[in-house]
Amino acid sequence: HRIRPRWRRASGGAMEHEQGAVERVGQSEVDSVAAPEKEEPPERSFSRVGADYGESVEDPVEQRKQERSVSPARQQKSRESISSFGGSSSEKRGGIWDGYIRHGSNLFGNDADTQPTCWAAFSDSGRAFLWELRRKALVTVQHPDIWLTGLLVLLVLLAATLGSIFAWSNEESETMRFNAKVMAKEVATAMSHQLDVALIPLITMRNYVKQLSALTALSDSIGVRGEPGSAPVANGAKGITHRNMTGVFDAQVIALFNNIAKDVRSTTGIDEIVMAIELAPKAVVSMIHPLTETKTLRNGKVVVQDHNGAIGHDLLNDPNRAAIAEATVPAPGVVIAGPLVLVEDDIVKTLIARLPINIPGQMMIVGGKEYECWGFVVALLDWEQLIEEVGVYSRFENAGMLFSLTRTDRVKQSDGTFFDKVVTIAESKEITASGGNITMPEDKLTFALNMTNNEWVMAVGYRNGFMVSWLSYSIVLAVFGSLVFTINIIYSLVNRKEHKLLLFRMMPKGAIVKLQKGESVIEKYEQVTIFFSDIIGFTSMAGDMTPIQVMQMLNELYTIFDALVEKFNVYKARSKPVNRLLLS
């Protein structure tokens, strides 16, 4: 049934309203469907005719408001008819507006006409978003083809992106390992070269000792410990490790040695590295040049190096030096100990290089075995200065690498046995400054350096090992990006599915299939029922109602209509806010 208002011209140019007639439409025939007459523009003076309308007003704005108004009695009657028609089904089958209407009184405050607050608008938008998200999720779950496609896309994306990331990461790791090997080799070569230059004074002094009889005779003056005519054991606590050298050598021999050592040290051009040159006949330190020297360290600190305390040091009888001294006697070349802090100098780390001097007729007994050896020539090398000259710290720091250099010493115990002691002789400044918070990573490369009789090992690596720093971030971004892309794919599939379902609701499935194929849809039905509906005085009623009340009224009415449409399998051809067209 369609109930529509009719207007007729009244005297004075006013429009008069009367109850519209009910026009009935049958199954196969339509008696009459009259279009509403077009309302003519009102004239300058206004007056309303009818029992339910107010008095004439002069203000055109107020006149229009009264024209749109309907008496409260008629509004209440329309609401009661809608409510009685729907009964409880409107509560059971609420539309999309139900949740919105339920919160309508509190959505914008206690007064429905007040302006909404930012928080209320934000909350409303959030609820709408969650509702939309829930609806999309339900569609996804209800159609396995959507989420299976999304899962397949996600797996393919993860396999592709993560595979590329790990392949790139492995390539970068191999490059980092290669760079570490090259850096370690370069540093080891530079250190070996610098050390060879620093050891030149040893070779020069050895030749002087062999050629000058005054220096060759020093071994006989020292003698074997404890034998008559040999240098006596020092008094007091030093008696274990030192000999008393008072009056053992002639002053001219000492002056000869000092002149030679001074020339040798200065002509090499590395006097900053070579701190002192010593002669140790019978492994007893007898002469040192210079005995004292003022030295300015790299940190600006000025220290006085006094080596007088080393005079008479019997290396073979010092438990801390015996192992390296016994290894030097039969050695074919230079033997290096340290770096260590000397007893007479507790500041500078010193590398002690010893070169045995083999002279026929000069014998030494070590471990019960006799060797042809005069003694040693010793060079004290400033370790920190040496590695600074090589640029060890700067090389690794500029490459973003960490390094650690260790040595293994054989230390003789009081019972005559030996044990191995691993000592760190150099490491990255970053490790030293951290106070133990930064250490060499487990994933590092180690190289044995063939430089001394000690076992020197250099460890090279990066702070995070050989794992690239961007790997974890790249994995997170890859997973996140794959998820976002998959969600977009699923969202598109859901929209397509909803569009398809909507088409199926709007048109028969057979018609949609034909349209998708590009075919024309022409169908003939022998019997058709057409239903038109309209709301009498909707404009007038809406003018006196709040927006929430209008939505609630329409929602309740059309919820009932939708229930009946589904119940009787009716096709809804057109739906507007105040009228509907149904076909069956």
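Relevant structure appears above.
In this report, we go over the structure that sits alongside the text. Just so you know, these numbers come straight off a predicted model, no measurement behind them. (Residues numbered from 1 in each chain as written. Predicted model: local features only at pLDDT ≥ 70, side-chain atom pairs only at ≥ 80, totals over all residues. Heavy atoms only, no water.)

## Observations regarding the packing of helix H7 (residues 144-198) against helix H16 (residues 471-506)
Let me state the cut-off plainly: Fitted lines through C-alpha atoms serve as axes, helices being fitted only where they are in contact, and the angles separating the N-to-C directions of these axes extend from 0 to 180 degrees. Elements are defined by DSSP. Helices are runs of H or I of four residues or more, strands are runs of E of two residues or more, and each kind is numbered from the N terminus. Every angle not falling under 35 degrees, over 145, or within 65 to 115 is termed oblique; those three ranges are roughly parallel, roughly antiparallel and roughly perpendicular. The handedness criterion is simple: a crossing whose near helix is rotated anticlockwise from the far helix by less than a right angle is left-handed, and one whose near helix is rotated clockwise is right-handed. Following the grouping adopted for this structure description, the nonpolar residues are Ala, Val, Leu, Ile, Met, Phe, Trp, Tyr, Cys and Pro, the charged ones are Asp, Glu, Lys and Arg, and the polar ones are all others, Gly among them.
The N-to-C vectors of H7 and H16 enclose an angle of 160 degrees; their axes lie 9 Å apart at closest approach. What the angle tells us is that H7 and H16 run roughly antiparallel. Our pair here, H7 against H16, has a crossing hand that is right-handed. Broken down by class, the residue content of the contact of H7 with H16 amounts to 18 nonpolar, seven polar and two charged.

## Concerning the pattern of salt bridges
Rules: We count a salt bridge whenever a side-chain nitrogen from Lys or Arg sits within 4 Å of a carboxyl oxygen from Asp or Glu. Each residue is placed in one exposure class: buried if its accessible area under a 1.4 Å probe, protein chains only, is under 20% of its type's maximum, exposed if it is over 50%, and partly exposed if it falls in between.
If you walk through the whole model with that rule in mind, you get nine salt bridges. In this structure, Arg135 and Glu132 form a salt bridge, with 2.5 Å as the shortest nitrogen-oxygen distance. One end of the pair, Arg135, and the other, Glu132, are both in helix H6 (residues 118-142), three residues apart, so they sit about a helical turn from each other. Under the relative-accessibility criterion, Arg135 is labelled partly exposed at 26%. The salt bridge involving Glu132 is made with Lys136; its shortest N-O contact spans 3.6 Å. Within this pair, Glu132 and its partner Lys136 are both found in helix H6, separated by four residues, close to a single helical turn. Exposure remark for Glu132: the relative accessible area of 25% places this residue in the partly exposed category. Using a relative accessible area of 9% as the deciding quantity, one classes Lys136 as buried.

## So, the packing of aromatic side chains
Just so we agree on the cut-off: For Phe, Tyr and Trp, rings pair up if their centres lie within 6.5 Å, where Trp contributes its six-membered ring, and each pair is then called stacked (planes under 30 degrees apart), edge-to-face (over 60) or tilted (otherwise). Whether a charge sits over a ring depends on NZ of Lys or CZ of Arg being within 6 Å of the ring centre and within 35 degrees of the ring normal.
For the structure on display, the rule yields seven aromatic pairs. Ring plane angle 40 degrees and centroid distance 4.7 Å describe the contact between Trp168 and Trp470, whose orientation is recorded as tilted. Residue Trp168 is located in helix H7, and its partner Trp470 is located in the loop between strand E17 (455-461) and H16; the two are separated by 302 residues in the primary sequence. Aromatic side chains Tyr393 and Phe403 sit 5.8 Å apart centroid to centroid with 55 degrees between the ring planes, which places their arrangement in the tilted category. Placement of the pair is Tyr393 in helix H14 (residues 392-398) and Phe403 in strand E14 (residues 402-412), with a sequence separation of 10 residues. The burial state of Tyr393 is the same as that of Phe403; both residues are buried. An aromatic cluster of three or more residues is present, and its members are Tyr393, Phe396 and Phe403. Above the ring of Tyr491, the side-chain terminus of Lys136 is found at 4.7 Å from the ring centroid. We note Lys429 situated over the ring of Tyr393; from NZ or CZ to the ring centre the distance is 5.1 Å.

## Observations concerning the sheet that holds strand E13 (residues 375-382)
Paired through backbone hydrogen bonds, the strands of a sheet run either parallel or antiparallel to each other. Worth spelling out the cut-off: A pair of strands is considered paired only if DSSP assigns at least 2 bridges between the two. Residue contacts are counted whenever heavy atoms from the two residues lie within 4.5 Å of one another.
Strand order in the open sheet formed by five strands is E6-E5-E13-E10-E9, with antiparallel pairing between adjacent strands. In the strand order of this sheet, the two ends are held by strand E6 (287-289) and strand E9 (335-341), each with one partner. When strand polarity is set aside, the average angle formed by the axes of neighbouring strands in this sheet is 20 degrees. Pairing of strand E5 (residues 274-281) with E13 involves seven bridges; the strand directions are antiparallel. Among the inter-strand pairings, Val274 is bridged to a residue of E13, identified as Leu381. Across the sheet, helix H13 (residues 383-390) touches E9, strand E10 (349-357) and E13, and the angle it forms with E13 is around 65 degrees.

## A closer look at the nonpolar core
Spelled out, the test is: Think of a nonpolar core as a cluster: buried Ala, Val, Leu, Ile, Met, Phe, Trp, Tyr and Cys residues, connected wherever their side-chain atoms sit within 4.5 Å.
With 68 residues, the main nonpolar core has Met191, Leu279, Leu381, Trp383, Phe396, Leu405 and Met458 as its most contacted residues. Ranked by residue count, the leading element in this core is H7, at 14 residues. Setting aside anything within four residues of it in sequence, one finds Trp383 in contact with Met191, Pro339, Lys349, Leu351, Leu405, Ile425, Ala426 and Trp456.

## Focus on the environment of Asn317
As a reminder, the rule being used: Between N or O atoms, a polar contact is any pair within 3.5 Å; within protein, one atom must be a potential hydrogen donor and the other a potential acceptor, and residues adjacent in sequence are included only when both atoms are from side chains.
Here Asn317 is to be found in the loop between strand E8 (302-306) and helix H12 (322-328). Taking relative accessible area as the criterion, Asn317 reaches 32% and is therefore assigned partly exposed. A C-alpha to C-alpha distance of 6.8 Å links Asn317 and Ile240, two positions 77 residues apart in sequence. With sequence-adjacent residues up to four places away left out, Asn317 is seen in contact with Arg225, Ile240 and Thr241. A polar contact is formed between the side chain of Asn317 and the side chain of Asp314, at a distance of 2.8 Å.

## Concerning the pairing of E8
Here E8 shows one buried face, formed by Val303 and Gln305, and one open face, formed by Val302, Val304 and Asp306. The sheet contact formed by strand E7 (residues 292-296) and E8 spans five bridges and is antiparallel. Looking at the pairing, Lys295 lines up with Val303 of E8.

## Digging into the side chain of Thr328
Following the sequence through the fold, Thr328 ends up in helix H12. A distance of 2.6 Å separates a polar atom in the side chain of Thr328 from the backbone oxygen of Ile324. Thr328 has contacts with Val335, Arg354, Pro356 and Phe376, leaving out every residue within four places of it along the chain.

## Let's talk about the environment of Asp250
Inspection of the secondary structure puts Asp250 in the loop between helix H10 (218-222) and helix H11 (251-267). When the C-alpha atoms of Asp250 and Ala214 are compared, they prove to be 9.7 Å apart, with 36 residues separating the residues in sequence. Separated by 2.8 Å, the side chain of Asp250 and the backbone nitrogen of Gln252 make a polar contact.

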